[in-house]
Amino acid sequence: MCGIAGWADWERDLTLEKATVEAMTRTMACRGPDAAGTWLSPRAGIGHRRLSVIDLDGGTQPMTSREERGTVVLSYSGEVYNFQELRGRLAAKGHVFRTGSDTEVVLHAYLEWGADLARHLNGMFAFALWDERSEELVLVRDRLGVKPLYYAVLGSAVLFGSEPKAILANPLFKARVDLEGLADLFVMAAKRPGDAVYRDMREVAPGTVVRCGRDGVRTQRYWELEARPHGDDPDTTVATVRDLLVDIVDRQLVTDVPICSLLSGGLDSSLVTALAARHLTAQGRGRISTFSVDFVQREQEFRADALHSSADAPFARTAAEHIGTAHQEIILDAGELYACQEDAVAARDLPGIGDLDASLLMLFREVRRHSTVALSGEAADEVFGGYPWYAAEAARPTDSFPWAAGAGDRNAVLAPDLRGKLDLNAYAADRYAEAVRETPVLPGEDARQRRMREVFYLNLTRFLPFLLDRKDRMSMAVGLEVRVPFCDHRLVEYAWNIPWAQHSAGGIQKSVLRRAAVGLVPDAIVNRPKSAFPSGVGAAYLTATREKARALLDDASSPVLELVDATAVAGMVRAAEGSGSFSPPPMMPRILQLDAWLRRYRIDVVL
């Protein structure tokens, strides 16, 4: 998968900044444990850390091409799944290849098509190109934002990296957060594409190319969702979705290292696993390894709730037996959840969502012991309408982010002095209105279908990026590449234009995907209601969290107490004692992570 980092500067001699470029690159070692490299010139320093997945010997980076008027340098992270077809097209145009890597295909695609190359790529990717011929830095990110890429423009300098930590390692950048950044932290999954929380830092937005030169920075979208009429009948729609998924999964199985599948026993992961197993068997590559996760004693103590309809373990076993996988159950110790949360903050470079980050990080650590690449069913709920709020919005539309409907007064958690400067309710309303205004409109749609188009758009452009960031940071913190077939842009484009009546046919959510899975996975799984990632929250975790919150309230030096209302936090502690649980989304663990982040990163809060 890899990690990239670098620095372009049109007024400074960067050959004198080798130590800094190498320091920025070292922060990406978690993403690329297998090899490291840097390239320096007067105007650019390019770094790379490699996780070897394809062409283990030939894909060394930064990769260069010496052209007549200067060198072109690439630092690339991700996978381009159509690289073999592109290689053939480029070879026919006269390009000569020295390796079997997709990295070299991306480099030659740039030499052929310039900054327009992204339109030709199918995959998850983020990369930086330094073109010595024009002294231009080109930053590119995949269409759905599966792989991250950050940058900061500071005078004549542009710093960039796969994660904020690469930019934070450069002394030119100061770790600061202002009111807008704080709002992004307090209001979950409302951040605008391109915002990065840190002041003076940006994300390359999904589907975007950023070009940086002496004359400034230019941003260009190369992909976005388009509203189109859907003319396929239900049977054709199901067949098309299935055919697309077959092609997508087949492409994503190309690797020169061990690959596995994350199998929860839900519809999405079971379907991906079934398609992968069928392809590997046809190729004579043996059985696919699968992994499910649970917590000690959870299966025995399971009680259904609003987020968890049934325990995963029995369904994962059923799927594994039906498909014929080499299955392993990973049993995590819920008592370790709290201790892992600061590791999760370090992986994100930001406060996250408490135990939900920590549990995923713990899972990926275990999977990485066995495999380098994993397939995931993530994004299927956003693409096919699987969350409960889809049906709720169809029945009774709200005027807010669907996952936050009924959130109450967000300002109640803020310190009294901060409430006069920051209105989280207004911020959330503004971000929601912006997102709705962005939503493409198809003339002639009735009000219900138009609202559901908005709901899908909100999930794909606000909620899904929030989850993809979590998945990327927790997996790459341990050097595990996670591939997400449901994020293939062809599938997303097609599914987004399927009418809600087909998505919910017969009153069944994800009806199209469920029908596409028939015959591939057991009927019990085809018909299984959605159940969220298993929770390890129990007595030990609750006790540790409450005690930490009490200690925070007694620590006058705690930086978070300048931002949150101590009385409100004390109320959360008492409520947790009374109920024995947290109400999702759990604010208390998020406040503790916010405090850990402010301390660890020595954040300067600009109010």
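Quick note: structure is the one above.
Now for a quick tour of the structure. Think of each chain on its own: its residues are numbered from 1, step by step along the sequence as written. Given that the model is predicted, a residue must reach a pLDDT of at least 70 before its local features are reported, and side-chain atom pairs must reach 80 or more before they are shown or counted; all residues, however, enter totals for whole chains, interfaces and linings. Hydrogens and water molecules were not included; the side-chain quantities draw on all heavy atoms of the structure.

### A closer look at the overall build of the protein chain
Helix numbering and strand numbering both begin at the N terminus, where a helix is a DSSP run of H or I of at least 4 residues and a strand a DSSP run of E of at least 2. Counting its regular elements, the protein chain contains 23 helices and 19 strands. C-alpha atoms define the radius of gyration, and 2.2 Å times the number of residues to the power 0.38 defines the globule rule. For 607 residues, the compact-globule estimate of 2.2 N^0.38 gives 25 Å, and the protein chain sits close to it at 24 Å. Structurally, the protein chain occupies a C-alpha span of about 70 × 60 × 50 Å along its principal axes. Out of the 607 residues belonging to the protein chain, those deemed buried represent 58%. For this analysis, residues touch if any pair of their heavy atoms sits within 4.5 Å. Taking all contacts inside the protein chain whose residues are at least 6 apart in sequence as the whole, residues at least 24 apart take part in 73%. We get accessible surface area from the Shrake-Rupley algorithm with a probe of 1.4 Å; when it comes to residues, only the shown protein chains can shield them. For the protein chain, the exposed surface amounts to about 23,200 Å²; the carbon and sulfur share of it is 49%. Each residue's exposure class comes from its accessible area (1.4 Å probe, protein chains only) as a fraction of the maximum for that residue type: buried when under 20%, exposed when over 50%, partly exposed otherwise.

### Looking at the sheet that holds strand E9 (residues 157-161)
A pair of strands is labelled paired if DSSP reports no fewer than 2 bridges between them. Read from one edge to the other, the open sheet built from six strands follows the order E2-E3-E1-E9-E8-E11, with strand pairing classed as antiparallel. Pairing within the sheet leaves two strands with one partner each, and these edge strands are strand E2 (35-40) and strand E11 (202-203). Sheet topology note: the strand E1 (residues 3-9)/strand E3 (residues 44-50) ladder contains six bridges and is antiparallel. Bridged to Trp-7 within E3 is Gly-45. Only C-alpha atoms enter the line fits that serve as axes; for helices the fit covers just the stretch in contact. Angles between N-to-C directions range over 0 to 180 degrees. Together, E1, E2, E3 and E9 form the strand contacts of helix H1 (residues 18-26), whose direction differs from that of E2 by roughly 145°.

### Details of the packing of helix H10 (residues 341-348) against helix H16 (residues 447-476)
Working note: a packed helix pair is described by the angle between its axes plus the distance between those axes. Between H10 and H16, whose axes approach to 9 Å, the crossing angle comes to 105°. By the angle class used here, H10 and H16 are roughly perpendicular. For the pair formed by H10 and H16, the contact residues are Ala-344, Ala-347 and Arg-348 on the first element and Phe-466, Asp-469, Arg-470, Arg-473 and Met-474 on the second. Among the residues making up the contact of H10 with H16, the classes are represented as four nonpolar, no polar and four charged. An angle below 35 degrees is treated as roughly parallel, one above 145 as roughly antiparallel, one from 65 to 115 as roughly perpendicular, and anything else as oblique. Ten residues, namely Ala, Val, Leu, Ile, Met, Phe, Trp, Tyr, Cys and Pro, are considered nonpolar, four, namely Asp, Glu, Lys and Arg, are considered charged, and the remaining ones, Gly among them, are considered polar.

### Some words on the environment of Pro-229
Here Pro-229 lies in the loop between strand E13 (216-221) and helix H6 (234-251). Among the residues examined, Pro-229 registers a relative accessible area of 70% and is labelled exposed. Sequence-wise, Pro-229 and Pro-443 are 214 residues apart; in three dimensions their C-alpha atoms are separated by 9.3 Å.

### Describing the environment of Leu-520
Structurally, Leu-520 can be placed in the loop between helix H19 (511-517) and helix H20 (523-526). Counting along the chain gives 431 residues from Leu-520 to Arg-89, while the straight-line C-alpha distance between them is 34 Å. Excluding residues within four positions of it along the chain, Leu-520 makes contact with Arg-242, Leu-271, Ala-274, Leu-275, Arg-278, His-322 and Ile-323.

### As for the packing of aromatic side chains
Each aromatic pair joins two rings of Phe, Tyr and Trp (for Trp, the six-membered one) with centres within 6.5 Å, and gets the label stacked for planes under 30 degrees apart, edge-to-face for over 60, and tilted for any other angle. Across all of its chains, the model carries 16 aromatic pairs by this definition. Judged by centre distance (5.8 Å) and plane angle (40°), the ring pair of Phe-125 and Phe-127 falls under tilted. Using a relative accessible area of 0% as the deciding quantity, one classes Phe-125 as buried. Consider the rings of Phe-384 and Phe-486, whose centres lie 6.3 Å apart with planes at 85°: the pair is edge-to-face. Of this pair, Phe-384 sits in helix H12 (residues 380-384) while Phe-486 sits in the loop between strand E18 (481-483) and helix H17 (489-496), and the two are 102 residues apart along the sequence. Overall, the relative accessible area of 0% leaves Phe-384 in the buried class. One aromatic cluster is present, built from ring pairs that chain together Tyr-387, Trp-389, Phe-401, Trp-403, Tyr-432 and Phe-463.

### Some words on helix H5 (residues 179-186)
For H5, the buried fraction is high: six of the eight residues fall into the buried class. Those residues of H5 that fall on the buried side of the exposure criterion are Gly-181, Leu-182, Ala-183, Asp-184, Leu-185 and Phe-186. Buried residues in H5 make contact with strand E10 (176-177), helix H15 (424-438), helix H23 (587-600) and strand E19 (604-605).

### Things to note about unusual backbone geometry
Between Gln-61 and Pro-62 the backbone carries a cis peptide bond, its omega angle lying at -5°. Here Pro-62 shows up in the loop between E3 and strand E4 (63-67). In the Ramachandran plot, Glu-135 falls in the positive-phi region, its phi being about 50° despite a non-glycine side chain. Relative to the helices and strands, Glu-135 resides in the loop between strand E6 (123-131) and strand E7 (136-141). Positive phi values are uncommon outside glycine, yet Val-197 reaches one of about 75°. Position of Val-197 relative to the elements: it lies in the loop between H5 and E11.

### Remarks on the pattern of salt bridges
A side-chain nitrogen of Lys or Arg and a carboxyl oxygen of Asp or Glu constitute a salt bridge if their distance falls within 4 Å. Inspection of every chain in the model, using the stated rule, returns 52 salt bridges. Close ionic contact of Asp-116 with Arg-119 constitutes a salt bridge, the shortest N to O distance being 2.5 Å. Since its relative accessible area comes to 34%, Asp-116 is described here as partly exposed. What you see here is one network of salt bridges that share partners, running through Arg-31, Lys-147, Glu-163, Lys-165, Asp-349, Asp-469, Asp-472 and Arg-473.

### Some points on the side chain of Thr-71
As for its position among the elements, Thr-71 is in strand E5 (residues 70-80). Among residues more than four places away in sequence, those in contact with Thr-71 are Trp-39, Thr-64, Ser-65, Arg-66, Trp-130, Asp-131 and Glu-132.

### With respect to the pairing of E4
Every regular strand shows the same layout, with side chains that alternate between the two sheet faces. Alignment of E4 against E5, held across five bridges, turns out to be antiparallel. Along E5, the bridge assignment pairs Ser-65 with Val-72. Connecting E4 to the next strand, E5, in antiparallel fashion are two residues.

### Side note on the sheet that holds strand E15 (residues 289-295)
Taking strand neighbours across the sheet as the criterion, the five strands line up as E16-E15-E14-E17-E18 in an open arrangement whose pairing is parallel. Edge strands, defined here as strands with exactly one partner in the open sheet, are strand E16 (326-332) and E18. Here the strands of the sheet are splayed against their neighbours by 30° on average, with no regard to which way each runs. Where strand E17 (residues 373-375) meets E18, three bridges bridge the pair, whose relative direction is parallel. From the neighbouring strand, Ala-374 faces E18, where its bridge partner is Val-482. Lying over the sheet, helix H7 (residues 267-282) contacts strand E14 (259-262), E15 and E17, oriented at roughly 150° with respect to E14. Its contacts with the sheet place helix H11 (residues 355-368) against E14, E15, E16 and E18, and it is angled at close to 135° to E16.

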